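One-letter residues, chain by chain:
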Amino acid sequence: MIATLVIGLREGLEATLIVGIIAAFLRRNRAPLTPMWIGVGAAVALSIAVGFGLQLVEQALPQAEQEGMETVIGAVAVVFVTGMIVWMRTHARTLSKDLVASATAALGRGTAWALAGMAFLAVLKEGFETSVFLLATFQASADTGSAALGAVIGIAVAVLIGYGIYTGGVKLDLGRFFTGTGVFLVFVAGGLVLTALRHAHEAGWLVIGQQRTVDLGWLAPNGSLRGALVTGVLGIPADPRVVEVLGWVLYVVPVLAISLWPRVWRPSPQRVPRVRAVLAAAFAATAVVLAVAVPSGSGADLPRTVAVSGDARSVTASVDGDSAVLRVAGGGREARITLPASAHRRVARAGTTADQWQVTEDVPSADRPTSLTLDQLVGLFGRVPVGVSPSTNPGPFTADWTVRDTVTLTTVDGGVLEATRSERDVLTLRGGGLPAARTTTLGRDVWAVPTADADRAATAVAAAQTRAAELRLWNAWLPLVLLVAAAAQAALAVRDRRRVSVPTTTTPGTDPSRGPPADVPARSLDHAVR
């Protein structure tokens with residue numbers, strides 16, 4: 001509730017100030033206010049419609065797509081609130097002057113409806129930012145009702161304060177107000193960064209950096225005031241992951257520095273390009289150091305030859321693309337089994353993606369007996385087969401065999417993870433007192449990699465792949481982010497250098513934003529944005 005109240009208060013006050021400045025200008029120039037209010041009403045209605053529309057679209061999506069939608073909404077909200085903080089930090093002193101100049105230009109076009117469009121666009125910007133930011137905060141909140149109530153209270157208070165400033169009954173240091181609320185919203189937006197990264201993982205978009213860092217359960221116990229503040233307002237979970245902490249630090253530290261950096265410490269316009277160039281070089285150097293110093297990590301190297309149990313001693317795999325050759329050694333001889341590409345597929349084994357081939361074929365049954373006694377059946381199956389009664393079906397029985405042989409090979413990067421050869425015998429019995437033919441099956445593993453060995457190998461491969469993925473966060477993704485930041489700073493340095501090199505000229509004349517002569521009674525809101 002506190003977070004949404006501050007969001008509604010700040011965004012609502014911004015919009016109210018903009019409307020008040022335009023209204024004061026129109027009163028000074030004796031222009032009608034009706035077109036302006038029409039524009040304001042249309043912007044408010046459209047902003048509310050955008051918020052409800054995004055919510056309806058999200059609810060209509062499946063669970064995974066909902067997580068993805070919440071990730072996108074959270075990212076957009078973070079961009080909006082960051083732009084709002086930076087824009088107000090740099091334009092608060094000239095807000096009234098800029099709006100009056102724009103209103104003068106619009107009124108000079110000869111129609112008050114131009115002012116309606118100006119008010120519509122100005123309020124729509126604030127309203128759209130508010131709707132997206134509040135929607136993202138609602139999604140991160142455990143109590144949507146209290147969050148909505150906080151937003152309504154914040155907007156209502158903002159309207160009252162704005163009206164008081166407009167009529168002159170309220171004096172407010174807007175510089176300190178926007179700085180204080182800006183700092184608070186930096187931490188709220190940092191929580192949205194955490195929430196967006198968590199939703200991205202739940203949507204299957206982000207799989208790296210998921211190790212737990214610290215347990216904050218002691219700091220934010222469920223049902224406590226501290227828990228409501230830390231988790232509900234600031235959006236910090238009790239079990240932050242590595243990528244979430246990294247994202248929070250990379251967002252909060254620079255944006256907080258921008259919000260609180262004293263004006264007296266700001267470089268002059270002539271030195272800004274040099275500062276940006278130094279930042280770009282530092283970002284690029286850090287990216288290079290991370291990419292070179294952090295090891296890349298590699299998967300577990302599985303052997304191509306492994307021991308098996310059963311009628312063979314070992315198997316050796318030779319993988320060539322989507323085809324493979326399996327050599328089986330045992331009993332003083334070696335068999336060669338070709339596994340074609342048509343038998344290949346990708347499978348998951350204990351969290352590891354592996355290549356698997358499976359070939360099944362019928363083999364001759366010449367070595368199987370054509371007649372079986374009741375005792376031989378018991379020896380084969382360990383019991384009397386279902387459908388055979390010793391008293392009424394004493395045997396012997398005529399035996400028809402169909403033997404199917406299946407070879408399965410599972411590899412990771414060419415190394416053997418699992419290999420088996422199994423036989424499935426289909427036995428059909430006739431005669432021996434049977435009123436009709438009876439069919440039963442008998443299966444066995446001819447040879448196989450022991451299950452315990454395969455499980456250990458799969459666990460080792462999964463751990464190695466997880467470590468390699470985690471290292472990519474530090475030697476690939478973080479350097480990429482730093483390089484993008486370096487490129488942005490370099491581009492801004494070039495832009496600022498060009499601006500400094502262009503001489504500024506001042507054309508003498510009357511400033512239209514000064515309004516009518518002094519004998520015309522009017523009230524200005526310049527004091528409200530100093």
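Residues numbered from 1 in each chain as written. Predicted model: local features only at pLDDT ≥ 70, side-chain atom pairs only at ≥ 80, totals over all residues. Heavy atoms only, no water.

Peer 1: Could you give an account of the overall build of the protein, with specific residues and numbers?
Peer 2: Broken down by element type, the protein carries 12 helices and 11 strands. Relative to its full complement of 530 residues, the protein shows a buried share of 42%. Partitioning the contacts of the protein with sequence separation of at least 6, the portion at a separation of at least 24 is 72%. For the protein, the accessible area works out to roughly 28100 Å², and carbon and sulfur atoms hold 62% of it. (Helix = DSSP H or I, 4+ residues; strand = E, 2+ residues; numbered from the N terminus. Buried < 20%, exposed > 50% of the residue type's maximum accessible area, 1.4 Å probe, protein only. Contact = heavy atoms within 4.5 Å. Areas by Shrake-Rupley, 256 points an atom, 1.4 Å probe, with all protein chains shown as cover.)

Peer 1: How would you summarise the nonpolar core if you had to cite specific residues and measurements?
Peer 2: Membership of the largest hydrophobic core comes to 25 residues, with the highest contact counts inside it found for I73, V81, I85, L185, V186 and Y251. Put simply, the parts of the chain that give this core at least two residues each are helix 1 (2-28), helix 3 (63-91), helix 5 (113-140), helix 7 (174-202) and helix 9 (242-260). Those residues in contact with Y251 that sit more than four places away from it in its chain are V78, V81, T82, V186, A189, G190 and V193. (Core = buried A, V, L, I, M, F, W, Y, C linked by side-chain atoms within 4.5 Å.)

Peer 1: If you had to explain the side chain of R368 to someone new, which residues and values would you point to?
Peer 2: Counting through the fold element by element, R368 comes out in the loop between strand 7 (352-363) and strand 8 (371-372). Owing to a relative accessible area of 17%, R368 belongs among the buried residues under this scheme. At a separation of 3.2 Å, a polar atom in the side chain of R368 contacts the side chain of E423. Side-chain polar atoms of R368 contact the side chain of D425, separated by 3.3 Å. (Polar contact = N/O pair within 3.5 Å; in protein donor to acceptor, adjacent residues only side chain to side chain.)

Peer 1: Outline a nonpolar patch on the surface, supporting the account with residue identities and numerical values.
Peer 2: A grouping of V44, I48 and F52 is seen on the molecular surface, where their side chains present a nonpolar patch of about 300 Å² in accessible area. In this structure, I48 sits in helix 2 (residues 34-59). Residue classification places I48 among the partly exposed residues on the basis of a relative accessible area of 47%. (Patch = residues over 30% accessible without salt bridge, like charges linked within 9 Å, V, L, I, M, F, W, Y side chains within 5 Å. Salt bridge = Lys/Arg side-chain N within 4 Å of Asp/Glu carboxyl O.)

Peer 1: A description of the environment of W477 should follow, citing residues and the corresponding values.
Peer 2: With respect to the secondary-structure elements, W477 resides in helix 12 (residues 451-501). Separated by 186 residues in the primary sequence, W477 and A291 have C-alpha atoms spaced 9.3 Å apart. Not counting residues up to four positions away in its chain, the partners in contact with W477 are I208 and R472.

Peer 1: Break down the pattern of salt bridges for me, citing the residues and quoting the values.
Peer 2: Side chains carrying opposite charge are able to pair once their charged atoms draw close together. Tallied over the entire structure, the rule returns 15 salt bridges. Close ionic contact of R198 with E244 constitutes a salt bridge, the shortest N to O distance being 2.5 Å. Placement of R198 in helix 7 and of E244 in helix 9 is noted, with a sequence separation of 46 residues between them. As far as burial versus exposure is concerned, R198 and E244 are alike and both buried.

Peer 1: An account of the sheet that holds strand 1 (residues 305-307) is requested, with residue identities and associated values reported.
Peer 2: The strand order across the open sheet built from four strands is 1-3-4-5, with neighbouring strands paired in antiparallel fashion. If you trace the sheet from one side to the other, it starts and ends with strand 1 and strand 5 (333-339), each paired once. Sheet twist, expressed as the mean angle between neighbouring strand axes with direction ignored, is 20 degrees. As paired elements, strand 1 and strand 3 (residues 314-320) share three bridges and run antiparallel to each other. From the neighbouring strand, T305 faces strand 3, where its bridge partner is T316. (Pairing = 2+ DSSP bridges. Axes fitted to C-alpha atoms, helices over the stretch in contact; angles between N-to-C directions.)

Peer 1: Explain the packing of aromatic side chains to me, and be specific about the residues and the numbers.
Peer 2: As enumerated under the stated definition, the model contains two aromatic pairs in all. For the ring pair F187 and W248, a centre distance of 6.3 Å and an interplane angle of 40 degrees mean the geometry is tilted. Of this pair, F187 sits in helix 7 while W248 sits in helix 9, and the two are 61 residues apart along the sequence. With a relative accessible area of 28%, F187 lands in the partly exposed category. For the pair W261 and W265, a centre-to-centre distance of 5.9 Å together with 75 degrees between the ring planes defines the contact as edge-to-face. Classification of W265 as exposed rests on a relative accessible area of 59%. (Phe/Tyr/Trp six-rings, centres within 6.5 Å; stacked < 30°, edge-to-face > 60°.)

Peer 1: So what's going on with the pairing of strand 9 (residues 397-412)? Residues and values would help.
Peer 2: Within strand 9, 12 of the 16 residues are buried, leaving the element largely enclosed by the surrounding structure. Relative to strand 9, strand 7 runs antiparallel, the two sharing nine bridges. Bridge pairing links E361 to D405 in strand 9. One ladder, built from two bridges, connects strand 8 with strand 9; its direction is antiparallel. When the bridges of strand 9 are listed, L372 appears paired with F397. In terms of strand pairing, strand 9 meets strand 10 (residues 415-430) through 15 bridges, oriented antiparallel.

Peer 1: An account of unusual backbone geometry is requested, with residue identities and associated values reported.
Peer 2: Of note in this structure, D413 is not a glycine but carries a positive phi near 55 degrees. You can see D413 is positioned in the loop between strand 9 and strand 10.

Peer 1: Could you give me a rundown of the confidence of the model for the protein, with the residues and numbers involved?
Peer 2: Parts of the model with low pLDDT should not have their predicted coordinates read in detail. Per-residue confidence for the protein averages 79 on the pLDDT scale, and 82% of its residues sit at or above 70. Averaged pLDDT values over the elements of the protein bottom out at 66 in helix 8 (residues 225-233) and peak at 92 in helix 10 (residues 272-293). Contacts for the low-pLDDT stretch residues 506-530, under 50 throughout, to residues beyond four places or in other chains number 36 contacts. (pLDDT = per-residue confidence, 0-100.)

Peer 1: If you had to explain the pairing of strand 11 (residues 438-448) to someone new, which residues and values would you point to?
Peer 2: Bridging between strand 2 (residues 309-310) and strand 11 involves two bridges; their strand directions are antiparallel. Looking at strand 11, one finds that G310 is bridged to W447. Summarising the sheet, strand 10 and strand 11 pair through 10 bridges and their orientation is antiparallel. Across the sheet, the residue bridging to T420 is A448, located in strand 11.

Peer 1: An account of the packing of helix 10 against helix 12 is needed here, citing residue identities and associated values.
Peer 2: Interhelical geometry of helix 10 versus helix 12 gives an angle of 165 degrees and a closest axis separation of 8 Å. Classified by the angle between their axes, helix 10 and helix 12 sit roughly antiparallel to one another. The way helix 10 lies across helix 12 gives a crossing that is left-handed. Split by residue class, the contact of helix 10 with helix 12 holds 20 nonpolar, three polar and four charged. (Parallel < 35°, antiparallel > 145°, perpendicular 65-115°, else oblique. Left-handed = near helix turned anticlockwise from the far one by under 90°. Nonpolar A, V, L, I, M, F, W, Y, C, P; charged D, E, K, R; others polar.)

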